[in-house]
Amino acid sequence: MSETENLTVPTYYSAIDWNSIEDSIDKYTWEKLTSQFWLDTRVPVSNDLDDWRKLPQLERDTFAKAFAGLTLLDTLQSVDGAEVLKHDAKTPQEIACFNNIQFMESVHAKSYSTIFSTLNTKKEIEELFNWVDTNVYMQTKAEIINKIYESGTPLQKKVASVFLETCLFYSGFYTPLRYLGNNKMINSAEIIKLIIRDESVHGTYIGYKFQLGFNELSEDEQGEFRDWMYELLYQLYENEEKYSRLLYDKVGWTDEVLTFLRYNANKALMNLGQDPLFPDTAADVNPVVMNGISTSSSNHDFFSQVGNSYLLGEVEAMSDEDYDI
């Protein structure tokens, strides 16, 4: 008997087979995520320097702090958010999608540093990170979400993720979108639009996975869970309102930010298959901000800059002629 015949073959490993799909949404999401791949280094943020220098100091401070807050949230998502969701995945293709999501959350977190290093001095950057690390409202928000990631049920973790990505990010997104709607800070806002495009897929996909599990609950269980969900949203919104007032009262944008926040809270609930909570609709949001979201990007030159319309190069099979000299 040969030596290899005595080996015990493990039965707990299984190769992922993309030709045998249990949930077609996994395949569709993977294709969507990979088609949207981008990197912050291809967006020419330095082209915003002229706009940056013309902004009043108070607005520059607000802009920078909004991005610092976003950095903390995307760091949380890249380190813990996608990781814990991966543990509850039902299919290997779902795990692959969360691997992609986790990587892109890291890209998002890094992209803010690209903006900081372009627009801010080293001392200013240190002060910004100290501000966000000691800001009670930012820390409260991160703590609420992270506690659910650490000890919540699989469904609770998905709710926390969707609330964070489809709602809480938008108090920070408001600032660059407002400037974009006014044709200012275009490249910094371009990064935000790329992030929003990603988060839209993340929120929809995770919300879909939530609905699959939620629909398996009994009617009483659904009612009890729904109460928990809305109570969590109220808690997060109350904290977010305080954070928004701290960040935006001095520039007079708070009321508009909160309207935008409530509008996106409703979108988060809809991703989860639930009824909207707030009366706010797109019609109530500052049209300049909505214009910023809808502003289409030009097809930038691939080697100099990219926009949210940028495409990966097409690949064709090699032929014998390719080897001819």
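Residues numbered from 1 in each chain as written. Predicted model: local features only at pLDDT ≥ 70, side-chain atom pairs only at ≥ 80, totals over all residues. Heavy atoms only, no water.

### Observations regarding the nonpolar core
Counting 85 residues, the largest nonpolar core has Phe163 and Phe173 as its most contacted members. Here this core takes 12 residues from helix 3 (residues 57–87), the largest share from any one element. Those residues in contact with phenylalanine 173 that sit more than four places away from it in its chain are Leu70, Tyr112, Ile192, Ile195 and Ile196. (Core = buried A, V, L, I, M, F, W, Y, C linked by side-chain atoms within 4.5 Å. Buried < 20%, exposed > 50% of the residue type's maximum accessible area, 1.4 Å probe, protein only. Helix = DSSP H or I, 4+ residues; strand = E, 2+ residues; numbered from the N terminus. Contact = heavy atoms within 4.5 Å.)

### Digging into the packing of helix 3 against helix 9 (residues 186–214)
Contact pair helix 3 / helix 9: the axes reach a minimum separation of 13 Å and the direction vectors enclose 30°. Between helix 3 and helix 9, the interaxial angle falls into the category roughly parallel. As helix 3 runs across helix 9, the sense of the crossing is left-handed. Each of Phe63, Phe67, Leu70, Asp74 and Leu85 in helix 3 lies in contact with helix 9, whose residues at this interface are Ser188, Ile192, Ile195, Glu199 and Ile206. Of the residues that constitute the contact of helix 3 with helix 9, the class distribution is seven nonpolar, one polar and two charged. (Axes fitted to C-alpha atoms, helices over the stretch in contact; angles between N-to-C directions. Parallel < 35°, antiparallel > 145°, perpendicular 65-115°, else oblique. Left-handed = near helix turned anticlockwise from the far one by under 90°. Nonpolar A, V, L, I, M, F, W, Y, C, P; charged D, E, K, R; others polar.)

### A look at the packing of aromatic side chains
A full pass over the atoms with the stated rule returns 22 aromatic pairs. Aromatic pair tyrosine 170 and phenylalanine 173: ring centres 5.0 Å apart, planes at 85°, arrangement edge-to-face. Residue tyrosine 170 and its partner phenylalanine 173 are both found in helix 8 (residues 170–181); the two are separated by three residues, about one turn of the helix. For the pair tyrosine 170 and phenylalanine 173, one class covers both residues: buried. The interplanar angle of 75° and the centroid separation of 6.0 Å between the aromatic rings of tyrosine 179 and tryptophan 253 together place this pair among those described as edge-to-face. Of this pair, tyrosine 179 sits in helix 8 while tryptophan 253 sits in the loop between helix 10 (219–248) and helix 11 (254–271), and the two are 74 residues apart along the sequence. Residue class for tyrosine 179 comes out buried when judged on its relative accessible area of 4%. Relative accessible area serves as the criterion here: at 6%, tryptophan 253 is assigned to the buried category. Taken together, the ring pairs connect Trp52, Phe63, Phe67, Tyr112, Phe169, Tyr170, Phe173, Tyr174, Tyr179, Tyr248, Trp253 and Phe260 into an aromatic cluster. (Phe/Tyr/Trp six-rings, centres within 6.5 Å; stacked < 30°, edge-to-face > 60°.)

### Notes on the side chain of arginine 178
Relative to the helices and strands, arginine 178 is located in helix 8. Accessibility expressed as a relative area gives 18% for arginine 178, which makes it buried.

### Structural notes on the pattern of salt bridges
What the rule picks out here adds up to 15 salt bridges. Of the charged contacts, one joins lysine 110 and aspartate 40 as a salt bridge, the two residues approaching to 2.8 Å between their closest N and O atoms. Pair noted here: lysine 110 is in helix 4 (residues 92–119) and aspartate 40 is in the loop between helix 1 (24–35) and helix 2 (49–54), with a separation of 70 residues, a long-range link. Residue classification places lysine 110 among the partly exposed residues on the basis of a relative accessible area of 43%. Taking the relative accessible area as the measure of exposure, aspartate 40 reaches 2% and is therefore buried. Between arginine 245 and glutamate 241 there is a salt bridge, with the nearest N and O atoms lying 3.2 Å from each other. With a gap of four residues between them, arginine 245 and glutamate 241 both fall in helix 10, about one helical turn apart. Arginine 245 sits in the partly exposed class, given a relative accessible area of 34%. Residue classification places glutamate 241 among the partly exposed positions, given a relative accessible area of 24%. (Salt bridge = Lys/Arg side-chain N within 4 Å of Asp/Glu carboxyl O.)

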